[in-house]
Amino acid sequence: MKVSQKDTEKLIWDHMRNSSSPGTPIAVTQSQTRALPKLLVWLILFVTATYVVYTLKLVINSRACDDEIFPTISHRSLSIHTSEIGNFSLVSKNQESLRKTEVKDIVFGIAASAKLWEKRKNYIKLWWKPGKMRGIVWLDNKVKFKDEEGLPPVRISGNTSRFAYKNRQGHRSAIRISRIVSETLRLGMENVRWFVMGDDDTVFVTENLVRILNKYDHNQYYYIGSLSESHLQNIFFSYGMAYGGGGFAISYPLAKALEKMQDKCIQRYPGLYGSDDRMQACMAELGVPLTKEIGFHQYDVYGNLFGLLAAHPVTPLVSLHHLDVVEPIFPNVTRVEALKRLTIPMKLDSAGLIQQSICYEKKKTWTISVSWGFAIQILRGVLSPREIEMPSRTFLNWYRRADYTAYAFNTRPVARSPCQRPFVFYMSRVRFDSITNQTVTVYDRHRVSHPACKWNITSPAEIDRIVVYKKPDPHLWERSSRRNCCRILESKKRSMVLDVGVCREAFEIFRQWSSLGH
C-alpha cells in the first residue's frame, strides 16, 4: 500500500502530540540519522580549510614584513632624522640671513696713494673703529705703518702691467683701483654681506651706511652709490655710474660674480678714464644697474660746502669726499679739526646729522633754517620751504665756473641784497642730557661784517647764541622720509632756544608759514 508524503508528516506530528512525558525522545527516521554525520564532516572540512588558508597567508605576509616593511621603516626613520638635521641647519641659516646688517658684516676697500698717505690717513682715523670694523687700505707702494695708529691693515695692490691703458688724459692707477673689490674678496674673509669702496679722503658716517644697506637684501645683486654733483661729469662719464670717492657698496654675491669676470672685462675697455667707469662697464655686462642713494657725496665742487650741508636732502648723510679740495666745513680751523668737531654730534645722533628743519619767528619776521649738528641760518623776511630747502651756491662747479646749469640738482643764488644775506651760527658745543634724554647743541654766531639794511625788520645781529634741544631718533629712517620740524621755545635779546624733532601734526610747517600771511 502506498503512503503519501502528507500521510507520513501527519503520523510524525501525531506521534509528537501523543508523547505525554517531556523527557520522552522523539523518534527519528533512519534517513535523517544518516544525514547529520555528513553535515558535521563538511562543517569540519570547511573550518579546517579556512584555517589552513589563513595560516599560509599569515606566514607569507610575515616574511614580506621581515624583508620589506621593517627595512623601509628603518630607512624612513633615518631619512626623517637626517631631514630634521637639515631643516635645523636651514632654519639657522635663515635666521642669520634675516638678521639685520651690522658694521661687522661690511668689508671696506680703501684706495690710497703712498705719496699722500701721511696726510690723508688722518681722514680715515676720523671714522675707522679698530676691532669693530673690517677692511683693507690698498696702496701702490710701501709706506711706514704703525699698528697703534688705529688704522685698517695695509696691502699693496697686485701688478696691473698686463692690462692695456690708452686714455691720454687719465692715469693707469685707475686699473689698480678698479680691482680693489675683487682683490679684497680673494682674501677669503668670512661672513661678509657687503663690500664698500671709498678713497683715502672719504669720510664715512658708518651708522648711516648700515641704515642704508639694511634697506636691501644682501643675497641679491646690488650696486649702490650716487652720482656726481656736476652735470658735466655725469654726461662725460655716466648717469648710471657710482662715483667711487663718494663711496659705493656691492653685495657679496655680486662681488663674487664680478671677481670671476673682471680681469677680462677690464681688457675690453682700455680707453676708459678712471676706475669708476671701468667698474660701471663691468656692472653693465653683468646686467646690474646702479641703485641710487643720494647720501653718498662725491662733492665734485670747489669752494665752500656750506650751501650743500645747510640744505642736505632728506636722506641719511653717508659720506663726504674731496675734503682736500674744499674749504674746512667750520671756519678758522683746519680741515681735520673741522671734521673732528662734526664727529661729536655724529656719535650722539648719527641719524639726525646735518638734517634740515625750518621754522619762523613771527614777531620779528625771520626765517630760521637748522642743519642739526652743523649750522643755523637766520634770514630776514619770509622764505618758503620750497626755496629754503634748495642749496645756495656757495661753491663752484668742478670746472670752476659759476654756472647754475652745471649741477645735477636745483640750486639758488647767493643773495646779493644786504638785507637778504643770512646770519650764520656754527655749532660750537654739544652734550647729552641723560635726565631729559635730549641732545643739547650750542651754535655761536659767525662774526663777519654785514652791510647796512634799510628794511624795517629787526636785525638777527641781536642774537649771539642759539641752543637747540633734540631727542635722538635712531629709527628716523625706518619711517617714510620727512623733514623734521623746529619750534621756537624762547627768544630773548641775545639768545634763542629751539626744539627740533618729528613734526607734531601733518601741517605744522604750513601753519607756521601761513600764519605769516602766506
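In the nomenclature of an unreviewed UniProt entry, the protein is known as Transferring glycosyl group transferase of Heracleum sosnowskyi.

(A) Seen up close, the pairing of strand S17 (residues 465-470). Of the strand pairs in this sheet, strand S16 (residues 438-445) and S17 are connected by six bridges, and their pairing is antiparallel. Along S17, the bridge assignment pairs Val442 with Val467. Note that S17 and strand S19 (residues 495-501) share six bridges and pair parallel. Across the sheet, residue Arg465 finds its bridge partner in S19, namely Ser495.

(B) Up close: the packing of helix H3 (residues 117-127) against helix H11 (residues 335-348). Axis separation between H3 and H11 bottoms out at 10 Å; the angle between their running directions is 5 degrees. The angle between the axes of H3 and H11 places the two elements in the roughly parallel class. Two secondary-structure elements touch here, H3 through Asn122, Tyr123 and Leu126 and H11 through Arg335, Val336, Leu339, Lys340 and Thr343. The class makeup of the residues in the contact of H3 with H11 is four nonpolar, two polar and two charged.

(C) Quick look at a nonpolar patch on the surface. A surface patch of nonpolar side chains, amounting to about 430 Å² of accessible area, comprises Leu40, Leu43, Phe46 and Val47. Following the sequence through the fold, Val47 ends up in helix H2 (residues 30-98).

(D) Looking closely at the environment of Cys486. As for its position among the elements, Cys486 is in strand S18 (residues 484-491). Its relative accessible area of 0% is what places Cys486 among the buried residues. Between the C-alpha atoms of Cys486 and Gly501, which are 15 residues apart in sequence, the distance is 6.5 Å.

(E) Main features of the layout of surface pockets. Here the largest pocket is characterised by a volume of approximately 1,200 Å³. The wall of the largest pocket is formed by 42 residues, among which Ile177, Asp199, Tyr273, Gly274 and Ser275 lie closest to the centre. Here the lining of the largest pocket gets five residues from one element, more than from any other, and that element is helix H4 (residues 173-178). Taken together, the residues of the lining of the largest pocket break down into 16 nonpolar, 16 polar and 10 charged.

(F) Examining the pattern of salt bridges more closely. For the structure on display, the rule yields 28 salt bridges. With a closest N to O distance of 2.8 Å, Glu259 and Arg186 form a salt bridge. Remark: Arg186 occurs in the loop between helix H5 (180-185) and strand S4 (194-199) and Glu259 occurs in helix H8 (residues 252-267); sequence separation between them is 73 residues. Taking relative accessible area as the criterion, Glu259 reaches 24% and is therefore assigned partly exposed. Note on Arg186: relative accessible area 39%, which makes it partly exposed. Between Arg479 and Asp473 there is a salt bridge whose closest N-O contact spans 2.6 Å. Look at Asp473 and you get buried, because its relative accessible area is 15%. Sharing partners across several salt bridges, the network here consists of Lys119, Arg120, Asp200, Asp201 and Asp324.

(G) Region of the structure containing the nonpolar core. Among the nonpolar cores identified, the biggest contains 72 residues, and Phe108, Trp127, Ile329, Phe374, Ile376 and Ile466 are the most heavily contacted of them. In terms of residue count, the dominant contributor to this core is strand S15 (residues 423-433) (six residues). Other than its neighbours up to four places away in sequence, Trp127 contacts Phe108, Ile110, Met133, Thr202, Val203, Phe204 and Thr206. Counting residues in each nonpolar core, the second largest holds 28 residues, with Phe195, Ala242, Met261 and Met283 among its members.

(H) Looking closely at empty space enclosed by the protein. Scanning all chains against the criterion turns up two cavities of 30 Å³ or more. Computed from the structure, the largest cavity encloses a volume of approximately 40 Å³. In terms of lining residues, the largest cavity is bounded by Leu323, Val326, Glu327, Pro328, Ile329, Arg335, Ala338 and Leu339. Taken together, the residues of the lining of the largest cavity break down into six nonpolar, no polar and two charged. For the second largest cavity, the calculated volume is near 30 Å³.

(I) Structural view of the packing of aromatic side chains. If you walk through the whole model with that rule in mind, you get 19 aromatic pairs. Geometrically, the ring pair formed by Phe330 and Tyr426 is edge-to-face, given 6.0 Å between the ring centres and 70 degrees between the ring planes. On the criterion of sequence distance, the pair formed by Phe330 in the loop between strand S10 (319-320) and H11 and Tyr426 in strand S15 is long-range, its members being 96 residues apart. Grouping residues by exposure puts Phe330 and Tyr426 together as buried. Pairing Phe395 with Tyr407 gives two aromatic rings, centres 5.3 Å apart and planes at 85 degrees, and the pair type is edge-to-face. Of the two residues, Phe395 is situated in strand S14 (residues 395-397) and Tyr407 in the loop between S14 and S15; the sequence distance between them amounts to 12 residues. On the basis of relative accessibility, which here comes to 7%, the residue Tyr407 falls in the buried class. Site record: aromatic cluster; members linked through ring pairs are Phe108, Trp127, Trp128 and Phe204. Looking at Arg341, its charged tip hangs above the ring of Phe330, at a distance of 4.5 Å from the centre. The ring of Trp372 has Lys470 lying over it, and the distance from NZ or CZ to the ring centre is 5.5 Å.

(J) Just the sheet that holds strand S3 (residues 154-156), in detail. With mixed pairing, the seven strands of this open sheet are ordered in space as S3-S2-S1-S4-S7-S6-S8. Of all strands in the sheet, those bounded by a partner on one side alone are S3 and strand S8 (291-292). Of the strand pairs in this sheet, strand S6 (residues 223-225) and strand S7 (residues 248-251) are connected by two bridges, and their pairing is antiparallel. Opposite Tyr223, over in S7, you have Ile250 as the bridge partner. Packed on one face of the sheet, helix H6 (residues 206-213) meets strand S1 (106-111), S4, S6 and S7 and runs near 120 degrees to S1.

(K) A look at the packing of H8 against helix H9 (residues 275-286). Across the interface, H8 lies against H9 with an axial gap of 10 Å and an inter-helix angle of 110 degrees. On the basis of the axis angle, H8 is roughly perpendicular to H9. Where H8 crosses over H9, the handedness of that crossing is right-handed. Taking contact as the criterion, the partners of Leu254, Ala257, Leu258, Met261, Gln262, Cys265 and Ile266 in H8 are, on H9, Arg278, Met279, Ala281, Cys282, Met283, Glu285 and Leu286.

Cut-offs and rules
Residues numbered from 1 in each chain as written. Predicted model: local features only at pLDDT ≥ 70, side-chain atom pairs only at ≥ 80, totals over all residues. Heavy atoms only, no water. Pairing = 2+ DSSP bridges. Helix = DSSP H or I, 4+ residues; strand = E, 2+ residues; numbered from the N terminus. Axes fitted to C-alpha atoms, helices over the stretch in contact; angles between N-to-C directions. Parallel < 35°, antiparallel > 145°, perpendicular 65-115°, else oblique. Contact = heavy atoms within 4.5 Å. Nonpolar A, V, L, I, M, F, W, Y, C, P; charged D, E, K, R; others polar. Patch = residues over 30% accessible without salt bridge, like charges linked within 9 Å, V, L, I, M, F, W, Y side chains within 5 Å. Areas by Shrake-Rupley, 256 points an atom, 1.4 Å probe, with all protein chains shown as cover. Salt bridge = Lys/Arg side-chain N within 4 Å of Asp/Glu carboxyl O. Buried < 20%, exposed > 50% of the residue type's maximum accessible area, 1.4 Å probe, protein only. 1 Å grid on protein atoms, 1.4 Å probe; cavity = no way out; pocket = protein on both sides within 12 Å on 5 of 7 lines; lining within 4 Å. Points joined across faces, edges and corners; volume = space filled by probe spheres on them. Core = buried A, V, L, I, M, F, W, Y, C linked by side-chain atoms within 4.5 Å. Phe/Tyr/Trp six-rings, centres within 6.5 Å; stacked < 30°, edge-to-face > 60°. Lys NZ or Arg CZ within 6 Å of the ring centre and 35° of its normal. Left-handed = near helix turned anticlockwise from the far one by under 90°.

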